[in-house]
Amino acid sequence: MVVKRRSSEHTDDEIVRGIRDDQAWASKVLYERTFAVVLAALTRALGERPGDQDDLLQLAYERLIRSLKRGHFEGRAALTSWANIIASRVAIDAIRARIRDRKVHWWLEPNAPELVDFPSPEKLESRLEGRADMMRVLLALKWLRPEHARAVELHDFAGLDLNEVAQLMGVTVAAAQSRLVRGRKELSRVMKFRTVRSPD
């Protein structure tokens, strides 16, 4: 008789090995363990937009599984932290794609959730400014040194603490903190002195 193990009983290493060996149970357990984290990362960056959510969730898991199969996850931090990073990057790519497609005003679509309750002009203006600022920051990150930009993305966008950032970047906590501080300074300079557009 085969006794099924609960999701919490599998270690991260077991799940990763299962994914690499194409074990059906591994995908199910991976989903159960990381779903809340992935959904939170997407919602934090993009808001709750039902039309996008399913597609982005699927894309996040496709990238997550592909990264595990290719050995990109080295076990330096928890699997949930890695899933958080992948989902945050999917969200960032989605925002950049909207900018490239010149859909900067997507939040003004008639069915946008924020407009259902007809917020006051003051509240609406604040929301629009917040979204626009976020897009400018994401574009500005591309002008930073890669290690500084990654520290900012991991800490400020993915919401990881300095210990997790250090583990994932393969450096000491002090080095991770230094990269984060320098990244924020570089970002501030770019935002202040450059008309932000993609360097691509």
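Given the structure is predicted, the values throughout are model-derived calculations rather than measurements.

Conventions used here
- For every chain, the first residue of its written sequence is number 1, and the numbers climb from 1 along that sequence.
- With the structure being a predicted model, the display of local features is reserved for residues of pLDDT at least 70 and the display and counting of side-chain atom pairs for 80 or more, all residues being used for whole-chain, interface and lining totals.
- Computation of side-chain values: all heavy atoms of the structure, hydrogens and water removed.
- Residue burial is assigned from relative accessible area. The probe radius is 1.4 Å, only protein chains are included, and a residue is buried under 20% of its type maximum, exposed over 50%, and partly exposed in between.
- Under the scheme used here, helices are H or I runs from DSSP no shorter than 4 residues and strands are E runs no shorter than 2 residues, and both carry numbers assigned from the N terminus.
- It is the directions from the helix axis to the C-beta atoms whose arc is reported.
- Structural elements are reduced to axes, namely lines fitted to C-alpha atoms, with helices fitted over the stretch in contact, and the angle between N-to-C directions of any two is expressed from 0 to 180 degrees.
- Angle categories are assigned with fixed cut-offs, so that under 35 degrees is roughly parallel, over 145 is roughly antiparallel, 65 to 115 is roughly perpendicular, and the rest are oblique.
- Crossing handedness is defined as follows: a turn of the near helix away from the far one that is anticlockwise and smaller than a right angle gives a left-handed crossing, while the clockwise case is right-handed.
- Only heavy atoms matter for contacts: two residues are in contact if any of them lie within 4.5 Å across the pair.
- Pairing of aromatic side chains here covers Phe, Tyr and the six-membered ring of Trp, requires ring centres within 6.5 Å, and sorts the geometry by plane angle: under 30 degrees stacked, over 60 edge-to-face, intermediate tilted.
- How sure the predictor is of each residue is captured by pLDDT, a score from 0 to 100.
- For our purposes a nonpolar core is just a set of buried Ala, Val, Leu, Ile, Met, Phe, Trp, Tyr and Cys residues, chained together by side-chain atoms within 4.5 Å.

Our focus in this paragraph is helix 1 (residues 12-20). Along helix 1, the residues classified as buried are D12, I15, V16, G18 and I19. All buried residues of helix 1 lie within an arc of 160 degrees about the axis, which places them on one face of the element. One or two positions beyond helix 1, positive phi appears at D22, with a value near 60 degrees.

Further remarks concern the packing of helix 6 (residues 146-157) against helix 7 (residues 162-169). Put simply, helix 6 and helix 7 touch, their axes get as near as 10 Å, and they point 135 degrees apart. Accordingly, the angle class assigned to the pair helix 6 and helix 7 is oblique. For helix 6 against helix 7, the interelement crossing comes out right-handed. Across from E147, R150, A151, L154 and H155 in helix 6, the residues of helix 7 making contact are L162, V165, L168 and M169.

Here the focus is the packing of helix 6 against helix 8 (residues 173-193). Their axes nearest at 8 Å, the elements helix 6 and helix 8 cross at an angle of 100 degrees. As the angle between them shows, helix 6 and helix 8 are arranged roughly perpendicular. The residues of helix 8 that touch helix 6, namely those facing E147, H148, A151, V152, H155 and D156, are A176, R179, L180, R182, G183, R184, E186 and L187.

Okay, the packing of aromatic side chains next. Here the structure, examined in full by the defined rule, presents 3 aromatic pairs. Both rings, one in Y31 and one in F35, keep their centres 5.2 Å apart while their planes meet at 40 degrees; by these two values the pair is tilted. Pair noted here: Y31 and F35 are both in helix 2 (residues 24-46), with a separation of 4 residues, about one helical turn. Look at Y31 and you get partly exposed, because its relative accessible area is 40%.

Here we take up the confidence of the model for the chain. Residues at a pLDDT of 70 or more form 70% of the chain, whose mean pLDDT is 76. Helix 5 (residues 121-140) is the least confidently modelled element of the chain, averaging 58 in pLDDT, while helix 1 averages 94, the highest of any element. Taken together, the stretch residues 102-125 has pLDDT below 50 and engages in 27 contacts with residues farther than four places along the chain or on a different chain. Confidence drops under pLDDT 50 across residues 196-200; counting only partners more than four residues distant or on other chains, this segment forms 13 contacts.

Counting 49 residues, the largest nonpolar core has V38, L42, L64, L68 and W82 as the members making the most contacts within it. Elements with a minimum of two residues in this core: helix 1, helix 2, helix 3 (50-69), helix 4 (79-100), helix 5, helix 6, helix 7 and helix 8.

A few words on unusual backbone geometry. The phi angle at D22 is positive, at roughly 60 degrees, despite the residue not being glycine. Structurally, D22 can be placed in the loop between helix 1 and helix 2.

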